[in-house]
Amino acid sequence: MEKFKKLNLSEELLDAIRQAGFESPSEIQEKTIPLVLSGKDVIGSSETGSGKTLAFGAGIIDRVSPGAGIQALILTPTRELAEQVGQTISKFSHKKRIKVTQVYGGVSMDPQIRAIRQADIVVGTPGRLLDHLKRRTLNLSKVKFLVLDEADRMLDMGFVRDVESIIKSCPSNKQTMLFTATLSKDIEYMAKKYMKNPVHIQA
Ligand code: AMP
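Scope of this entry: the structure provided in the associated data block. Note that this is a predicted model, so its numbers are computed, not measured. The numbering scheme is per chain: residues are counted from 1 as the chain's sequence reads. Reporting in this predicted model follows two pLDDT cut-offs: at least 70 for local features of residues, and 80 or more for side-chain atom pairs to be given and counted; totals over whole chains, interfaces and linings ignore these cut-offs and use all residues. Calculated side-chain values reflect all of the structure's heavy atoms, with hydrogen atoms and water omitted.

Some remarks on the pattern of salt bridges
Pairing between side chains of opposite charge can happen when their charged atoms approach one another. Salt bridges, as used here, are contacts in which a Lys or Arg side-chain nitrogen is within 4 Å of a carboxyl oxygen on Asp or Glu. Across all of its chains, the model carries 10 salt bridges by this definition. Where Lys5 meets Glu2, a salt bridge forms, and the shortest distance between an N and an O atom there is 3.8 Å. A residue pair is termed a helical-turn pair when its members lie 3 or 4 positions apart in one helix, as Lys5 and Glu2 do in helix α1 (residues 2-5) at three residues. Each residue gets one of three labels from its accessible area relative to the maximum for its type: buried under 20%, exposed over 50%, partly exposed in between, using a 1.4 Å probe on protein chains only. When its relative accessible area of 42% is taken as the criterion, Lys5 is described as partly exposed. We note a salt bridge from Glu150 to Arg153, for which the minimum N-O separation is 2.5 Å. Exposure remark for Glu150: the relative accessible area of 9% places this residue in the buried category. Exposure remark for Arg153: the relative accessible area of 38% places this residue in the partly exposed category. The network of salt bridges with shared partners includes Lys52, Asp149, Glu150 and Arg153. Every helix listed is a DSSP run of H or I at least four residues long, and every strand listed is a run of E at least two residues long, numbered separately from the N terminus.

Now the structure itself:
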């Protein structure tokens, strides 16, 4: 745990990390967590399985307050990934009483609408998130952190426009983190258009 302790994370989060049985941060975690905590935009080139969820999640968990509106929005290409990321963030944040909810298509709206009202962190897929925005059942005005997870897949699946609309519904002074396995032209366009001096991390 020594290396985790050096990252300036809260005792509650360190406890949850200890409980998960993690002994030391993965490379992407060690590089990303300090940047997130210092307010930098980050582009992480990393594969699934690298530990990227906690890499972006740790800083978010420690900078979000319970009951203060949706302060972090995490976009994923698929519902499976939204579930997986949401469950991981929940596991590490429950000691801080932070509420996380997953939002994706193919299930009914009403339970999602109720969960969104209570949520501090939302993890979801672009189509359904946009649907909620159009119905005004999702308010992104308090978002401080935006994560584009598996951004290359999200763009390959044709979500560019949806993602752009969602980004534009968030305040402009937020911190943005983008994770991708490949650095395509489209990714570079998104980074240039929507990120502020992003730091590139390779792991
Ligand atoms: P992720 O890339 O975030 O989906 O994580 C991939 C897998 O690595 C998950 O099963 C995590 O539980 C595990 N994992 C993440 N960070 C660590 C760590 N620091 N030590 C050990 N396992 C980890």
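Concerning the pairing of strand β5 (residues 145-148)
A two-sided burial pattern is seen for β5, the buried positions comprising Phe145 and Val147 on one face and Leu146 and Leu148 on the other. Pairing between strands is defined by DSSP: at least two bridges between the two strands are required. Relative to strand β6 (residues 175-180), β5 runs parallel, the two being bridged by four bridges. For Leu146, the partnering residue across the bridge sits in β6 and is Thr176.

A closer look at the site of the ligand
The criterion for a residue being near a molecule or strand is simple. One of its heavy atoms has to lie within 4 Å of it. Residues in contact with the ligand, as listed here, are Phe4, Phe22, Ser24, Pro25, Ser26, Gln29, Gly49, Ser50, Gly51, Lys52, Thr53 and Gln84. Here an oxygen atom of the ligand and a backbone polar atom of Ser50 are 3.2 Å apart. Within the backbone of Lys52, one N or O atom sits 3.3 Å away from an oxygen atom of the ligand. Expressed as a share of its isolated accessible area of 500 Å², the protein-covered part of the ligand is 63%. A class-by-class count of the residues in the shell around the ligand yields three nonpolar, eight polar and one charged. Pairs of N or O atoms are called polar contacts if they sit within 3.5 Å, as long as, within protein, a hydrogen donor faces a hydrogen acceptor (for residues adjacent in sequence, only side-chain-to-side-chain pairs). The Shrake-Rupley method, run with a 1.4 Å probe sphere, supplies the accessible areas, and residue values consider only the shown protein chains as cover. Amino acids are sorted into nonpolar (Ala, Val, Leu, Ile, Met, Phe, Trp, Tyr, Cys and Pro), charged (Asp, Glu, Lys and Arg) and polar (every other residue, Gly among them).

So yeah, pure geometry; function would need other evidence.
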